[in-house]
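Residue-level listing of the chains:
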Amino acid sequence: MNNNFPLVSVLMTAYNRDKYIAEAIDSVLLSSYKNFELIIVDDCSTDNTFAIANSYLEKDKRIKLFKNEINLGQFVNRNKAIELAKGYYIKFLDSDDKFMPNGLEVMVKSMLAFSAAGIGLPAKETCTNALPYTVTTHESILLHYTTDNHLCYGPTGSIFKKEALIKAGLFEAEVGILADTLLNIKVASIFDTVFFERNLFYWRRHNEQVTEAQKDDVRMIGERFGILKAVMAFNKLPLKENEKKIIFSNFVKINTKHFIHYFLKGNFKAAFKIKKETELSFL
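Let us look at the structure shown here. Only a predicted model underlies this, so the values are computations on that prediction, with no experimental measurement involved. (Residues numbered from 1 in each chain as written. Predicted model: local features only at pLDDT ≥ 70, side-chain atom pairs only at ≥ 80, totals over all residues. Heavy atoms only, no water.)

### What to know about helix H8 (residues 217-232)
How we decide: Helical segments are the DSSP runs of H or I of at least four residues, strand segments are the runs of E of at least two, and each set is numbered from the N terminus. The span one expects for a helix is its residue count, reduced by one, times 1.5 Å. Only protein chains enter the calculation, and the probe is 1.4 Å; a residue is then buried if its accessible area is under 20% of its type maximum, exposed if over 50%, and partly exposed in between. Any two residues whose heavy atoms approach within 4.5 Å at even a single point are treated as in contact.
In this model, H8 (16 residues) spans 23 Å end to end at C-alpha, consistent with the 22 Å of a helix rising 1.5 Å per residue. Among the residues making up H8, those that are buried are Val218, Met220, Ile221, Gly222, Glu223, Phe225, Ile227, Leu228, Val231 and Met232. Looking at the buried positions of H8, the neighbouring elements they touch are helix H5 (137-148), helix H7 (179-190), helix H9 (241-264) and helix H10 (268-277).

### Focus on the state of the cysteines
Two cysteines, two sulfur atoms, one covalent bond between them: this is a disulfide. Test applied: Any two cysteine sulfur atoms within 2.5 Å of one another count as a disulfide.
Counted by the stated rule, this structure contains zero disulfides. Free of any disulfide, Cys152 has its nearest cysteine sulfur in Cys127, 18 Å distant. Exposure remark for Cys152: the relative accessible area of 37% places this residue in the partly exposed category.

### Examining helix H3 (residues 74-84)
Buried within H3 we find Phe75, Asn77, Arg78, Asn79, Ala81 and Ile82. Those residues of H3 hidden inside the fold are in contact with strand E1 (8-14), strand E2 (36-42), strand E4 (89-92), helix H6 (162-168) and H7.

### Here we look at the side chain of Asn77
Counting through the fold element by element, Asn77 comes out in helix H3. Setting aside residues no more than four positions away along its own chain, Asn77 makes contact with Thr13, Ala14, Val41, Asp43, Asn68 and Leu72.

### Quick notes on the nonpolar core
Put simply, the rule reads: Here, the term nonpolar core denotes a set of buried Ala, Val, Leu, Ile, Met, Phe, Trp, Tyr and Cys residues that are joined through side-chain atoms within 4.5 Å.
One finds Leu11, Ile141, Tyr145, Leu165 and Val187 to be the most contacted residues of the largest nonpolar core, which totals 43 residues. Leave out the neighbours within four places in its chain, and Val187 touches Gly118, Ile119, Phe160, Ala164, Leu165 and Ala168. Core analysis: the second largest hydrophobic core is formed by 31 residues, Val10, Ala53, Tyr56 and Val194 among them.

### Notes on the pattern of salt bridges
Our working rule: Only one rule defines a salt bridge in this text: a Lys or Arg side-chain nitrogen within 4 Å of an Asp or Glu carboxyl oxygen.
In the structure shown here, the tally under the stated rule is twelve salt bridges. Put simply, Lys98 and Glu23 hold a salt bridge, and the shortest N to O gap is 3.3 Å. With Lys98 in strand E5 (residues 98-99) and Glu23 in helix H1 (residues 21-29), this pair connects stretches of sequence that are 75 residues apart. Classification of Glu23 as partly exposed rests on a relative accessible area of 35%. Asp94 is the partner of Arg78 in a salt bridge, and the nearest nitrogen-oxygen pair spans 3.0 Å. In this pair, Arg78 is assigned in helix H3 and Asp94 in the loop between E4 and E5, connecting sequence segments 16 residues apart. In this pair, the class of Arg78 matches that of Asp94, namely buried.

### Description of the side chain of Asp97
For clarity, the threshold we go by: In protein, a polar contact means a hydrogen-donor-capable atom and an acceptor-capable atom, both N or O and within 3.5 Å, with residues adjacent in sequence counting only if both atoms are side-chain atoms; elsewhere, any N or O pair within 3.5 Å suffices.
Looking at the secondary structure, you find Asp97 in the loop between E4 and E5. Separated by 2.9 Å, the side chains of Asp97 and Thr156 make a polar contact. In this structure Asp97 touches Ala24, Thr156, Tyr202, Trp203 and Arg204, once residues within four positions along its chain are discounted.

### A short note on a nonpolar patch on the surface
Applied cut-off: Only residues whose relative accessible area exceeds 30% and that form no salt bridge enter a patch; like-charged residues are grouped when within 9 Å of one another, and nonpolar side chains (Val, Leu, Ile, Met, Phe, Trp, Tyr) when within 5 Å. The Shrake-Rupley method, run with a 1.4 Å probe, gives the accessible areas here. Residue values count only the displayed protein chains as cover.
The grouping of Ile260, Phe263, Leu264, Phe268 and Phe272 at the surface amounts to a nonpolar patch, some 510 Å² of accessible area in total. Elements that contribute at least two residues to the nonpolar patch include exactly H9 and H10. Sort the elements by how many residues they give to the nonpolar patch and H9 lands first, with three residues. Topologically, Phe272 is positioned in helix H10. For Phe272, a relative accessible area of 41% puts it in the partly exposed group.

### Considering the sheet that holds strand E8 (residues 159-161)
Rules: Here a strand pair is declared whenever DSSP counts at least two bridges between the two strands. To obtain an axis, a line is fitted to C-alpha atoms, over the contacting stretch when the element is a helix, and the angle between two such axes runs from 0 to 180 degrees between their N-to-C directions.
Within the open sheet, the eight strands sit side by side as E3-E2-E1-E4-E8-E6-E9-E7. Their pairing is mixed. Sheet topology places strand E3 (63-67) and strand E7 (133-135) at the edges, where each strand pairs with a single neighbour. The mean angle between the axes of side-by-side strands here comes to 20 degrees, regardless of whether they run parallel or antiparallel. When E1 meets E2, the two strands line up parallel, connected through seven bridges. Within E2, the residue paired with Val8 across the bridge is Phe36. Lying on the sheet, H7 is in contact with strand E6 (117-122), E8 and strand E9 (192-196); it crosses E6 at an angle near 130 degrees.

### Here's the deal with unusual backbone geometry
Leave glycine aside and you will find that most residues have negative phi; peptide bonds, for their part, are mostly trans. At the junction of Leu131 and Pro132, the peptide bond is cis and its omega measures out at -5 degrees in the coordinates. By the secondary structure assignment, Pro132 is in the loop between E6 and E7. We note that Asn199 has phi near 60 degrees; this positive angle belongs to a residue other than glycine. Assignment of secondary structure puts Asn199 in the loop between E9 and strand E10 (201-202). For Glu279, which is not a glycine, the phi torsion comes out positive at approximately 55 degrees.

### Some thoughts on the environment of Lys240
Along the chain, the position of Lys240 falls in the loop between H8 and H9. Take Lys240: its relative accessible area is 56%, and that puts it in the exposed class. Along the chain, Lys240 and His138 lie 102 residues apart, while their C-alpha atoms are 9.4 Å from each other.

Remember, this is a structural readout, not a statement about activity or role.
Dropping the structure here:
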């Protein structure tokens with residue numbers, strides 16, 4: 001593949017990933033898509049992560065390595081990486097994940113096929129459409145909240161126009177673990193969504209990940225409600241008022257079921273935490 005294709009910034013933020021980062025970097029270098037820069041931003045690792053990444057600098061000039069002076073945390077560090085990027089497209093690859101050899105190429109070609117797209121995501125397993133295909137902003141948001149839930153993909157599973165991330169306002173770290181979901185929804189509210197084939201990356205699961213916190217159901221019920229409120233307040237959300245009301249009503253029903261579940265189990269602390277954090281009222 002020649003350099004007539006647009007520059008892609010592959011962003012790899014890292015904190016204490018010396019067990020995995022070499023595999024992650026190697027997977028980028030083995031990519032069939034060649035016009036990329038790999039920006040690695042180490043967030044004050046206390047293990048050998050930075051040293052391993054540094055050993056690659058002489059092997060490939062497309063790699064750029066940075067080390068933060070203080071620990072910024074996951075999403076602030078991602079925002080820093082975006083600001084350092086020069087590419088037309090932004091492709092995150094977490095430092096414990098891997099690309100398939102054709103992964104980056106398929107994602108980029110899928111985005112190029114639809115100029116109005118700002119975000120690309122894997123299609124659902126049940127998808128019967130010819131890939132890649134695109135949906136409008138209105139279709140994407142409705143699909144997410146009614147059937148597909150596709151905008152919950154983490155950064156490794158998605159690709160963005162850099163312009164789209166800037167217009168959507170980057171990651172809002174203060175909203176918690178689901179800051180990536182909120183950003184996906186905002187981008188999909190402004191730009192069309194592209195769906196491409198699955199299995200273009202390997203998402204590693206281990207107990208050192210931030211996503212382990214998502215096993216706390218009560219916490220995540222509250223955070224999902226917080227994200228919903230932020231989405232409904234977003235001034236570029238392409239939904240009609242009646243559609244917003246239906247989506248909000250569905251969340252109230254779901255959260256009420258969660259409350260009843262924990263209440264009947266005798267876990268009153270969890271039940272009333274859900275009631276408070278999702279602003280349930282039984283009047």
